Amino acid sequence: MKKPISIAAIAALLAVGTAFTRTDQVQNWNVDHPQKGTPAIVWLSADQVKNLYCPGVNNVECAYLIGTPSTIIKKP
Amino acid sequence: MKKDRIVELVSAPLVFLFSYTALSKLLDFNKFKYQLSQSPFIANSSGYIAWLIPFGEILISILLIRKRTRFAGLYFSFFLMLLFSGYLFIMLKYSSYLPCSCGGVLSSMSWKQHLVFNLVFTGLSLSGILIQNRNQTKNRII
């Protein structure tokens, strides 16, 4: 009898598929503008926000997703 | 339900987690390496760790998929998750800054959410070990 594929193997296949479906989509971020000290709304991916607006150490709140209070760069 | 089946069900989310995060790290390897180099505790050895973590995760996934090596895989995943949780805890408690070096969607979690997430998976690995242990003890008695 043919051996059925295990659940763990299916999980691995799903993980591969999910990893290749990039999750880095652009979203609406509220960014503290570095020059003026005023918040600015930008439409970028989390990576772009980190690299463009929030480089360096992560000890201050820098940007958060609009609609979802999920801060990407912040020391709790 | 058979104990083996339960252990396999416990292993499946761990396989998904390790495969997904390993691939996410390898697909964005330079970013992952850079983020590790920003970490105050492991900056000096970030080059080795950047390779070690994803390949370790892939190895654990393979161990968890194969029935004969699943028990070892559960032990390794438990210790790796414990290590990650310990690292997160130390970073939260003692680090002056928090660089995120997590793979895929996990990078959008806050550090506290990430710690809870890790602890849940640590508990999952431990429950798999305990179920498997009980199963083996029972088989030995019979």
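Position numbers for residues start from 1 in each chain and track the written sequence from start to end. Starting at A for chains and at 1 for ligands, labels are handed out in the order in which the entities are written. In view of the model being predicted, local features appear only for residues whose pLDDT reaches at least 70, and side-chain atom pairs are presented and counted only at 80 or more, with totals across whole chains, interfaces and linings using the full set of residues.

Student: I'd like a rundown of the overall build of chain A, residues and numbers included.
Tutor: Helix and strand counts for chain A come out as two helices and three strands. Counting from the N terminus, the helices are the DSSP runs of H or I reaching at least four residues and the strands are the DSSP runs of E reaching at least two. Starting at the N terminus and ending at the C terminus, chain A contains elements arranged as α-β-β-α-β. Buried, partly exposed and exposed are defined by the number of other C-beta atoms within 10 Å of a residue's own C-beta, namely 20 or more, between the two limits, and 12 or fewer respectively, with C-beta atoms placed from the backbone. Looking at chain A as a whole, 20% of its 76 residues qualify as buried. Looking at chain A alone, contacts between residues at least 24 apart form 24% of all its contacts between residues at least 6 apart. With C-beta atoms placed from the backbone, a contact is any residue pair whose C-beta atoms sit within 7 Å.

Student: Help me get a handle on the overall build of chain B, residues and values and all.
Tutor: In terms of regular secondary structure, chain B is built from five helices and zero strands. Ordered by position from the N terminus, the helices and strands of chain B form the series α-α-α-α-α. Relative to its full complement of 142 residues, chain B shows a buried share of 36%. Taking contacts inside chain B between residues at least 6 apart in sequence as the whole, the part at least 24 apart equals 70%.

Student: Before we move on, could you go through the environment of Gly128 of chain B and cite the residues and values that matter?
Tutor: Residues and elements named next belong to chain B. With respect to the element layout, Gly128 can be found in helix α5 (residues 111-141). On a C-alpha basis, the gap between Gly128 and Ser11 in space is 7.2 Å, while along the polypeptide they are 117 residues apart. The residues touching Gly128, leaving out its near neighbours within four places in the chain, are Val7, Val10, Ser11 and Leu74.

Student: Before we move on, can you summarise the nonpolar core with the specific residues and values?
Tutor: One finds Ala8, Ala11 and Ala15 of chain A together with Val15, Phe16 and Leu64 of chain B to be the most contacted residues of the largest nonpolar core, which totals 26 residues. Per-element accounting of this core gives the leading share, nine residues, to helix α1 (residues 3-27) of chain B. Working definition: the nonpolar core is a set of buried Ala, Val, Leu, Ile, Met, Phe, Trp, Tyr and Cys residues, joined through C-beta atoms within 7 Å. Counting six residues, the second largest nonpolar core, distinct from the first, contains Trp29, Ala46, Cys54 and Ala63 of chain A.

Student: Let's hear about helix α1 (residues 7-20) of chain A: which residues, and what values?
Tutor: A rise of 1.5 Å per residue sets the reference length of α1 of chain A, with its 14 residues, at 20 Å; its end C-alpha atoms lie 20 Å apart and thus fit the reference within 8%. Buried residues of α1 of chain A: Ala8, Ala11, Ala12, Ala15 and Ala19 of chain A, and no others. Considered in projection along α1 of chain A, the buried side chains sweep an arc of 100° and stay on one side of the axis. Exposed and facing more than 90 degrees away from the buried side of α1 of chain A are Gly17 and Phe20 of chain A. Of the surrounding secondary structure, the elements contacted by the buried residues of α1 of chain A are α1 and α3 (46-65) of chain B. The span expected for a helix works out to 1.5 Å for each residue beyond the first. Taken from the helix axis, the directions to the C-beta atoms give the arc we talk about.

Student: Talk me through the packing of α1 of chain B against α3 of chain B; I want residue IDs and the actual numbers.
Tutor: All names here are of chain B. To obtain each axis, a line is fitted to C-alpha atoms, and for helices this fit is confined to the stretch in contact; angles are then taken between N-to-C directions over 0 to 180 degrees. Close contact between α1 and α3 brings their axes to 8 Å; oriented N to C, the two are set at 150°. By the angle class used here, α1 and α3 are roughly antiparallel. With respect to the hand of their crossing, α1 and α3 are arranged in left-handed fashion. Two secondary-structure elements touch here, α1 through Ser11, Leu14, Val15, Phe18, Ser19, Thr21, Ala22, Lys25 and Leu26 and α3 through Ile53, Pro54, Glu57, Ile58, Ile60, Ser61, Leu64 and Ile65. Amino acids are sorted into nonpolar (Ala, Val, Leu, Ile, Met, Phe, Trp, Tyr, Cys and Pro), charged (Asp, Glu, Lys and Arg) and polar (every other residue, Gly among them). Among the residues making up the contact of α1 with α3, the classes are represented as eleven nonpolar, four polar and two charged. Roughly parallel means an angle under 35 degrees; roughly antiparallel means over 145; roughly perpendicular covers 65 to 115; every other angle is labelled oblique. In this scheme the handedness of a crossing depends on how the near helix is turned from the far one: anticlockwise by less than a right angle means left-handed, clockwise means right-handed.

Student: Explain the environment of Ser24 of chain B residue by residue, including any values.
Tutor: Residue and element names in this part refer to chain B. Mapping Ser24 onto the fold places it in helix α1. Using a count of 26 C-beta atoms within 10 Å as the deciding quantity, one classes Ser24 as buried. The spacing of Ser24 and Phe41 is 17 residues in sequence and 23 Å in space, taken between C-alpha atoms.

Student: Can you tell me about the packing of α3 of chain B against helix α4 (residues 70-94) of chain B, naming the residues and giving the values?
Tutor: Helix-helix packing: each pair is described by the crossing angle between the helix axes and the interaxial distance. All names here are of chain B. The geometry of α3 relative to α4 is characterised by a closest axis approach of 7 Å and an angle of 145° between their N-to-C directions. Between α3 and α4 lies a crossing of left-handed hand. Of α4, the residues touching α3 (which contributes Gly56, Ile60, Leu63 and Leu64) are Arg70, Ala72, Gly73, Leu74, Phe76, Ser77 and Leu80. By residue class, the composition of the contact of α3 with α4 is seven nonpolar, three polar and one charged.

Student: Tell me about the confidence of the model for chain A, residues and numbers included.
Tutor: Per-residue pLDDT for chain A averages 70, and the proportion of residues at 70 or more is 59%. Summary of the metric used: pLDDT quantifies the predictor's per-residue confidence within the range 0 to 100. When mean pLDDT is taken per element in chain A, α1 of chain A scores highest with 83 and helix α2 (residues 46-52) of chain A scores lowest with 73.

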